[in-house]
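Take a look at the letters that make up each chain.
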Amino acid sequence: MKKIGILNLGINNIKSITNACKLISQTYLINSYKDYDKLTEILVLPGNGNFATGMKIIEELGFRDLISEFINSKKKFIGICLGLQLLMEKSDEAKNVKGLSLIKGTVKKIDSKKFKVPLLGWYDVKFKNENINSRGFFFNNGFMVDPVEKEFIQGEIENIIPAYVVKDNICGFQFHPEKSSFHGLDLLKNVIFK
Amino acid sequence: MIYNLINLNLVLKKFQIIINEKKNKRLQIDLIVMIFYNFNKIYFIDINQKNIDLLNYFIVTTLHQLKKMYSEKIRIIPKLEIKNEFLIKGIRYEGLRKIGDPVEFANKYFDQGADQINIIDIVASLYSRDNLYQIVNKITEKVYIPVCVGGGIKTVENIKSLLKCGADRVIVNSEALRNSKFIKEICQIFGSQFLTISIEAKKIGNEYFCMMDHGRENSDKTVSNWLKELKKYDIGEIIINSIDNDGIENGFDLDLLGIVEKENIKCPKVISGGGGNLDHFSETINKFKVEGLSLATSLHFNKITIKDIKKHLISKNVNVNSL
């Protein structure tokens, strides 16, 4: 058993990710800094929505230091959708807002000439790791991450939209594994126990 | 000769024929010279030239372009209509029959490989909403795909309660027709991708009208006029329900889809009402550009399964989520 903590920004539906993690291992919700348990082995930052709102709540709830300390301790951190984007330095969605800056790079608007924006639906993700099957996952976002170091991108839609990002002990999903049927749950489980 | 092809599947088939013919050298091929390509329509103009390299070039570049534009998968969406605590189903929104426990059915469809589940409470606007909240709460505990909920949503508070129950998006019909400010309000607070507008179309005379309150009242707005109005807003998705075809399993209402297609709506479209046998699904996909196919009766009565539909569509080269 690994203890999973889920950071609750309180702005959107976190029921699915909470239930999904509960299926996988012991899980609890972190509503503010004082809820954090030092025995936590996996920290998850889910989220959907606006970059500026997300950062504002992270600062208010005292999650910035919590996230940095956790990542420095080499334990596994998982960002989902907005939770991945917030790890970057800045975003086109809110140009004056500083991100968590844990991964070098920015968040960009998805090219509407190539995709229907916002992405809302199931898209095929191709993974670099041959052990993960390329399949359809559920996306719901208008922006995408653009890390400076391209080797962090471990899964993509059509070689254009980074979908799965890995940097040391940080994992980020642009899609929602908790909304992507059984194979989404399997992937989440593999990442948690890897 | 001019082909007006709307669907990737048909295009691929056409290419396949051309490629096979080329391989077998059975036929001299008349070259496709120009491909006017925009988001919705693909035109082919054949003229009599015989240049295989150029043909190859067009096939490769167009396929490449198409693949990028069409990488979104076609969704199969079971629609659960709920009255009090029961899953119900009627014919043309009337003669409602109790089918069973909606939670059980949602779990079954999730197991079968549904891409999304739509829940509509048909009496939530008349009675208490507590039944709906309980049902959504139970469904989202075990179903790990997007769950969209509608029925009598009139206020931001209604939506917040549904969010707490684990709903991913909301479906709004009547209140949007009565008060278009509500559309703006939802988009501002929750984001445009959060809102699905449902259109419940009924043919009266030669016109399709948008009905309200589960088909009980006519808004006096035609479907095309309403779609023109909706273009002003940034909406996540539009579901087109045909009341006339609801529950009779004789195929989707293609005339209605023709009207919708003319309006050139940018957001994803889901068609609902009439899907009975497997060919209805592939036919509709071949003729029209829709992102989702929704059905109820034939699933509830175990006449077909989502697996059957997906297998069928995969065999027709439609881009669906594999099983």
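One can find the structure itself at the top, above this paragraph.
Residues numbered from 1 in each chain as written. Chains lettered and ligands numbered in written order. Predicted model: local features only at pLDDT ≥ 70, side-chain atom pairs only at ≥ 80, totals over all residues.

**Describing the overall build of chain A**
- Of regular secondary structure, chain A possesses five helices and 12 strands.
- The C-alpha radius of gyration of chain A comes to 15 Å, within 12% of the 16 Å expected for a compact globule of 194 residues.
- Residues counted as buried form 47% of the 194 residues belonging to chain A.
- Sequence separation of 24 or more characterises 62% of the internal contacts of chain A that already satisfy a separation of 6 or more. (Helix = DSSP H or I, 4+ residues; strand = E, 2+ residues; numbered from the N terminus. Rg over C-alpha atoms; globule rule 2.2 N^0.38 Å. Buried ≥ 20, exposed ≤ 12 C-beta atoms within 10 Å, placed from the backbone. Contact = placed C-beta atoms within 7 Å.)

**A look at the nonpolar core**
- In this structure, Val44(A), Ile117(B), Val136(B) and Val170(B) are the most contacted members of the largest nonpolar core, which totals 133 residues.
- Setting aside residues up to four positions removed in sequence, Ile117(B) forms contacts with Ile77(B), Pro78(B), Leu80(B), Ala106(B), Tyr109(B), Val143(B), Ile145(B) and Val147(B). (Core = buried A, V, L, I, M, F, W, Y, C linked by C-beta atoms within 7 Å.)

**Description of the environment of Trp122(A)**
- Assignment of secondary structure puts Trp122(A) in strand β7 (residues 119-127).
- Judged by the 28 C-beta atoms lying within 10 Å of it, Trp122(A) is buried.
- With 19 residues separating them in the primary sequence, Trp122(A) and Ile103(A) have C-alpha atoms 26 Å apart.
- For Trp122(A), the residues in contact, after removing those within four places along its chain, are Gly136(A), Phe137(A), Phe138(A), Lys73(B), Arg75(B), Asp115(B) and Asn321(B).

**Concerning unusual backbone geometry**
Residues and elements named next belong to chain A.
- Here Val 117 and Pro 118 are connected by a cis peptide whose omega angle stands at 0 degrees.
- Mapping Pro 118 onto the fold places it in the loop between β6 (105-109) and β7.
- Even without glycine at this site, Cys 81 takes up a positive phi of about 60 degrees.
- Here Cys 81 shows up in the loop between β4 (76-80) and α4 (82-85).
- Even without glycine at this site, Ser 101 takes up a positive phi of about 55 degrees.
- Within the secondary structure layout, Ser 101 lies in the loop between β5 (90-91) and β6.
- Using a count of 14 C-beta atoms within 10 Å as the deciding quantity, one classes Ser 101 as partly exposed.

**Here we look at the packing of helix α1 (residues 15-24) of chain A against helix α5 (residues 181-193) of chain A**
All names here are of chain A.
- Running from N to C, α1 and α5 point in directions that differ by 60 degrees, and their axes come no closer than 10 Å. Here α5 runs oblique to α1, going by the angle between their axes. Crossing geometry of α1 relative to α5 is assigned as right-handed. Between α1 and α5, the contacting residues are Ala 20, Leu 23 and Ile 24 on the first element and Leu 185, Leu 188, Lys 189 and Ile 192 on the second. (Axes fitted to C-alpha atoms, helices over the stretch in contact; angles between N-to-C directions. Parallel < 35°, antiparallel > 145°, perpendicular 65-115°, else oblique. Left-handed = near helix turned anticlockwise from the far one by under 90°.)

**Side note on the interface of chain A and chain B**
- With 25 residues of chain A at the interface, the matching set in chain B holds 22 residues.
- Among the elements of the structure, α1, β7, β8 (135-141) and α5 of chain A are those that each provide at least two residues to the side of chain A that touches chain B.
- With five residues, β7(A) is the largest single contributor of residues to the side of chain A that touches chain B.
- Residues that form the side of chain A that touches chain B fall into these classes: eight nonpolar, nine polar and eight charged. (Nonpolar A, V, L, I, M, F, W, Y, C, P; charged D, E, K, R; others polar.)

**Remarks on the sheet that holds strand β9 (residues 143-147) of chain A**
All names here are of chain A.
- Strand order in the open sheet made by the three strands is β5-β6-β9, with mixed pairing throughout. With one partner strand each, in any of the chains shown, β5 and β9 form the two edges of the open sheet.
- Note: β6 against β9, five bridges, orientation antiparallel. Across the sheet, Val 107 pairs through a bridge with Val 145, a residue of β9. (Pairing = 2+ DSSP bridges.)

**A word on helix α10 (residues 278-287) of chain B**
- Every buried residue belonging to α10(B) is among His280(B), Phe281(B), Thr284(B) and Ile285(B), and all of these are buried. Down the axis of α10(B), the buried set is contained in an arc of 125 degrees. They therefore lie on one face. (Arc of directions from axis to C-beta.)

**Re the pairing of strand β8 (residues 147-150) of chain B**
All names here are of chain B.
- On β8, burial covers both faces: Val 147 and Val 149 on one face and Cys 148 and Gly 150 on the other are all buried.
- Of the strand pairs in this sheet, β8 and strand β9 (residues 169-172) are connected by three bridges, and their pairing is parallel. Residue pairing for β9: Val 149 is matched across the bridge by Val 170.
- As a crossover connection, the stretch from β8 through helix α5 (residues 156-164) into β9 is right-handed. (Right-handed = clockwise from strand over helix to strand, strands pointing away.)

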